[in-house]
Structure formats: structure tokens, C-alpha cells
Amino acid sequence: MALNNTYDARLVQQETAVGAGVQILVLALLGTAIGMGPTGWVTGLVFAVATWAVLSRALHRSGLRTFGPANRVTLGRATLVGGVTALVADSFVSAPPVSLLVGLTAVALLLDGVDGKVARRTGTSTALGARFDMEVDAFLILVLSVYVSMALGPWVLLIGAMRYAFVAAARVAPWLNAPLPPSTARKTVAAMQGICLLVAGADLLPHAGNLAVALLALTLLLWSFGRDVLWLWRESRAHRGRKNTGAETAPVGKMPALDMGMDMDLDLDIDMELAGR
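As a starting point, this report considers the structure included with it. All of these numbers come straight from a predicted model, not from anything done at the bench.

**Focus: the overall build of the protein**
Then, number 1: Within the protein, the secondary structure is distributed over nine helices and zero strands.
Then, number 2: The linear arrangement of helices and strands in the protein, starting from the amino end, is α-α-α-α-α-α-α-α-α.
Then, number 3: Taking all 277 residues of the protein together, 44% fall into the buried category.
Then, number 4: In the protein, the share of contacts with a sequence separation of at least 24, taken over all contacts with a separation of at least 6, comes to 77%.
Then, number 5: When the accessible surface of the protein is split by element, carbon and sulfur atoms take 68% of a total near 13600 Å².

Have a look at this one:
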């Protein structure tokens, strides 16, 4: 049994290595097609190595015996995000082909949710897969924010940074980790972030139009985060009150807010996928 487990673990690790190899191949294709400079190459390679290292470590700790079809879809999305990251980094030196950048981003966004459906249909939903999906979503939003900010201003970075700021705040204020109730509005706002940034980055609208789209995304995201933080704060006060009176009950609702961006794709259906919370 120990030998079988070791064999399975090696197969799982090999799939992450294949993913890193495919990422390098994508970078080579991009470099050949558009003459990508050293900045894009280095950034893309760092992304590939970091993804491989973090995912390999997470797989080792989780003890999964198979990578699973859903994680393969997510790994494919991560490869596309790596390509987008390289193009955005290269854009600091030279203007990237917008059509290629938009195309890669659009496919990555369209594939979001496919991995969850595959996981449900194949019965391979895992916490690791959900976290992997969440991190890919969050990083894509961050990279798109960086790209759009070059045209509209640094305030756009708030869209991509907000999820990471929330995670950091939750380490200081543990009450932010409390469960959240389901919310269709939260899911809608989250989905709009990637779409709005894609539209603004495609530069199909006049400058004022792109500015309005990005402002709409940020406004809705601030409203969504603010509403949830307020709810969590009120719930923490109520929880302390129940604890002091001895009437504490087990919470019913979603996963802790720290992981609320995880598309668990079980019955939990975490709502903030694209926002990456």
C-alpha cells in the first residue's frame, strides 16, 4: 500500500511538472509570435515556477492520490493566466497586441466555472481544487487591474488588491473569518469584475467609457465588501453577546470569509469567484 501511495503521489506531481512545461511552451509561442522581451519572459517564467512549486507543495500536504480532471482544467486556466501575466509585464516596455491579450483573458474567464462543473460531474470536488481555482481567479483580476491602471490610473489597482487586503485584514481581525450567508448579489458583483476589466482593457470604448466601466466595477466591489464586512462585524457582536449569556449556537451559513472566494463547487457554492475573496 505504501508503494502504491508513493506511485500515485509521483503521478500527481508529474502532472504539475507537465503544467509548468506547457506554460513554458506558451511563453515560447508568445515570444515567437510577438517578439516578447526579457521582462515578459522573466515574469512568465517566475509565474510558471511559482505555480509549480506552490501547487506541488499543496498537493503533497493534501495527500491526493489523483490530480483529477477538474484540476487539469484549472491548471489549463492557470497557463492562460501566465500568458496574460507575461503580456502585461511586457507592456511596461512595449505595447502588447491587445487582441491577443483580450483573447487569452476571455478564454480564461469563459473557462471559469467549467472546472467546477467537471468536478461535480466526476465526483472529484476537493478543497484543494477549490482553493486552486480561487487563487487563479484572484491573480487574473490583479493582473488585469495592473494593465487597466496604466491607462486609467493607479486607483484601478484597488479592484485587484481588495481580496488580498481582506485576507490580510482577516489575520488581524479574526471575526472576518466568520461564515457568510449566500448572496446572489455578491456572486453577480464578483463575476462583473473580470468582465468590466476585460472591456476596459480591450479599449473598445472611448476613454470616458472605459473609465465609467472600471468605476462601476470598483463601486460595486466596494459596496459588496462593505456590506459583507458590516454583516460580519454585526455577527461578531451578536456572537459575543450569545457567548456572554451562554446562549451560543453553531453558525449556519458559508465557509469562513478567509476562504469565501473558493469556488467549492460542492453544495456550498461560494459566491465570490472572480473577486477572489
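**What about helix α2 (residues 38-62)?**
Then, number 1: For α2, which comprises 25 residues, the first-to-last C-alpha distance of 36 Å matches the rise-based estimate of 36 Å (1.5 Å per residue) to within 8%.
Then, number 2: For α2, the full list of buried residues reads Gly-40, Gly-44, Phe-47, Ala-48, Thr-51, Leu-55, Ser-56 and Leu-59.
Then, number 3: Directly beyond the C-terminal end of α2, a positive phi value near 75 degrees is found at Gly-63.

**What about the pattern of salt bridges?**
When the charged atoms of two side chains lie near each other, side chains of opposite charge can form a pair.
Then, number 1: The final tally for this structure, using the stated rule, is seven salt bridges.
Then, number 2: A salt bridge links Asp-112 to Arg-77; the nearest nitrogen and oxygen atoms lie 3.6 Å apart. Residue Asp-112 is found in the loop between α4 (98-111) and α5 (114-122), and its partner Arg-77 is found in helix α3 (residues 69-90); the two are separated by 35 residues along the sequence. Each member of the pair, Asp-112 together with Arg-77, is buried.
Then, number 3: Here Arg-186 makes a salt bridge to Asp-228, at a shortest N to O gap of 2.8 Å. Of this pair, Arg-186 sits in helix α8 (residues 184-202) while Asp-228 sits in helix α9 (residues 207-245), and the two are 42 residues apart along the sequence.
Then, number 4: Overall, Asp-228 belongs to the buried group, its relative accessible area being 2%.
Then, number 5: Via salt bridges that share partners, Arg-77, Asp-112, Asp-115, Asp-133 and Asp-137 belong to a single interconnected network.

**Notes on the packing of aromatic side chains**
Then, number 1: One pass over the structure, following the stated rule, counts two aromatic pairs.
Then, number 2: For the pair Phe-47 and Phe-139, a centre-to-centre distance of 5.5 Å together with 35 degrees between the ring planes defines the contact as tilted. Here Phe-47 is found in helix α2, whereas its partner Phe-139 is found in helix α6 (residues 127-152), with 92 residues between them in sequence.
Then, number 3: Given the relative accessible area of 13%, Phe-47 is considered buried.
Then, number 4: Residue Phe-139 is classed as partly exposed on the basis of its relative accessible area of 27%.
Then, number 5: With 5.7 Å between their ring centres and 55 degrees between their planes, Phe-166 and Phe-225 make a pair best called tilted. A residue pair is termed long-range when its members are at least 10 positions apart, and Phe-166 in helix α7 (residues 157-172) and Phe-225 in helix α9 qualify at 59 residues.
Then, number 6: On the accessibility criterion, Phe-225 (6% relative accessible area) is buried.
Then, number 7: The ring centre of Tyr-164 lies 4.9 Å from the NZ or CZ of Arg-163, which sits over that ring.

**Thoughts on the side chain of Ser-149**
Then, number 1: Relative to the helices and strands, Ser-149 is located in helix α6.
Then, number 2: With a relative accessible area of 13%, Ser-149 lands in the buried category.
Then, number 3: Polar side-chain contacts of Ser-149 include one of 2.6 Å to the backbone oxygen of Val-146.
Then, number 4: Once residues lying within four places of it in the same chain are set aside, the contact partners of Ser-149 are Pro-154, Val-156 and Leu-157.

**Examining the nonpolar core**
Where a protein is soluble and globular, its nonpolar side chains tend to be buried together.
Then, number 1: The biggest cluster of nonpolar side chains holds 49 residues, and the ones touching the most others in it are Val-84, Leu-140, Val-148, Ile-159 and Leu-197.
Then, number 2: Considering each element in turn, this core owes the most residues, ten residues, to α6.
Then, number 3: Discounting residues that sit within four places of it in the chain, Val-84 has contacts with Leu-101, Leu-104, Thr-105, Leu-140, Val-143 and Leu-144.

Calculation criteria
- Residues numbered from 1 in each chain as written.
- Predicted model: local features only at pLDDT ≥ 70, side-chain atom pairs only at ≥ 80, totals over all residues.
- Heavy atoms only, no water.
- Helix = DSSP H or I, 4+ residues; strand = E, 2+ residues; numbered from the N terminus.
- Buried < 20%, exposed > 50% of the residue type's maximum accessible area, 1.4 Å probe, protein only.
- Contact = heavy atoms within 4.5 Å.
- Areas by Shrake-Rupley, 256 points an atom, 1.4 Å probe, with all protein chains shown as cover.
- Expected span 1.5 Å × (residues − 1).
- Salt bridge = Lys/Arg side-chain N within 4 Å of Asp/Glu carboxyl O.
- Phe/Tyr/Trp six-rings, centres within 6.5 Å; stacked < 30°, edge-to-face > 60°.
- Lys NZ or Arg CZ within 6 Å of the ring centre and 35° of its normal.
- Polar contact = N/O pair within 3.5 Å; in protein donor to acceptor, adjacent residues only side chain to side chain.
- Core = buried A, V, L, I, M, F, W, Y, C linked by side-chain atoms within 4.5 Å.

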